[in-house]
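Chains, contacts and geometry: an overview
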Amino acid sequence: VIVGKITPGIMLTNFVKTSLGDGEKIELTNSNKKIYNILGDYPETIASYIVPKVINNKKNNAKFVWLTNSKAFKRFLMAMIKKGDIFK
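For clarity, every value in this text was computed on a predicted model and none was experimentally measured.

1. Quick look at unusual backbone geometry
Outside of glycine, negative phi angles account for most residues, and trans bonds account for most peptide bonds. For Asn61, which is not glycine, the phi dihedral falls at a positive 65°. Inspection of the secondary structure assignment puts Asn61 in the loop between helix H3 (43–56) and strand E4 (62–65).

Quick look at the structure:
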């Protein structure tokens, strides 16, 4: 058994768009949507990066990070120039 850490960051899933993932839609505030648009990614995007690393890992206590501090910082800087909508 190999044990490690996965830090995917912010993912846009049904859990985010519905009340506790049970299907009842909730409306996020504009500030929450803004954060998701800057830092959020789709699960498939994160999985395509992390899954191969996990499968090929041979060491205990390995850490797999998608949204690093530097990546988050760059996204906040780029948000002033590039507007996205992850909810579409």
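2. Things to note about the pattern of salt bridges
This model, assessed by the stated rule, comprises 2 salt bridges. We note a salt bridge from Glu27 to Lys33, for which the minimum N-O separation is 2.9 Å. On the basis of relative accessible area, Glu27 is assigned to the exposed category, the value being 66%. Residue classification places Lys33 among the partly exposed positions, given a relative accessible area of 25%. Salt-bridge contacts for Asp41 lead to Arg75; the nearest nitrogen and oxygen are separated by 2.9 Å. Within this pair, whereas Asp41 is found in strand E3 (residues 40–41), its partner Arg75 is found in helix H4 (residues 69–79), the two being separated by 34 residues in sequence. Residue Asp41 is classed as buried on the basis of its relative accessible area of 10%.

3. Some words on the pairing of E4
In E4, alternate side chains face the same way, and those of Ala62 and Phe64 are buried while those of Lys63 and Val65 on the opposite face are not. The pairing of strand E1 (residues 4–7) with E4 spans 4 bridges and is classified as parallel. What sits directly across from Gly4, in E4, is Ala62.

Definitions and limits used
- Residues numbered from 1 in each chain as written.
- Predicted model: local features only at pLDDT ≥ 70, side-chain atom pairs only at ≥ 80, totals over all residues.
- Heavy atoms only, no water.
- Helix = DSSP H or I, 4+ residues; strand = E, 2+ residues; numbered from the N terminus.
- Salt bridge = Lys/Arg side-chain N within 4 Å of Asp/Glu carboxyl O.
- Buried < 20%, exposed > 50% of the residue type's maximum accessible area, 1.4 Å probe, protein only.
- Pairing = 2+ DSSP bridges.

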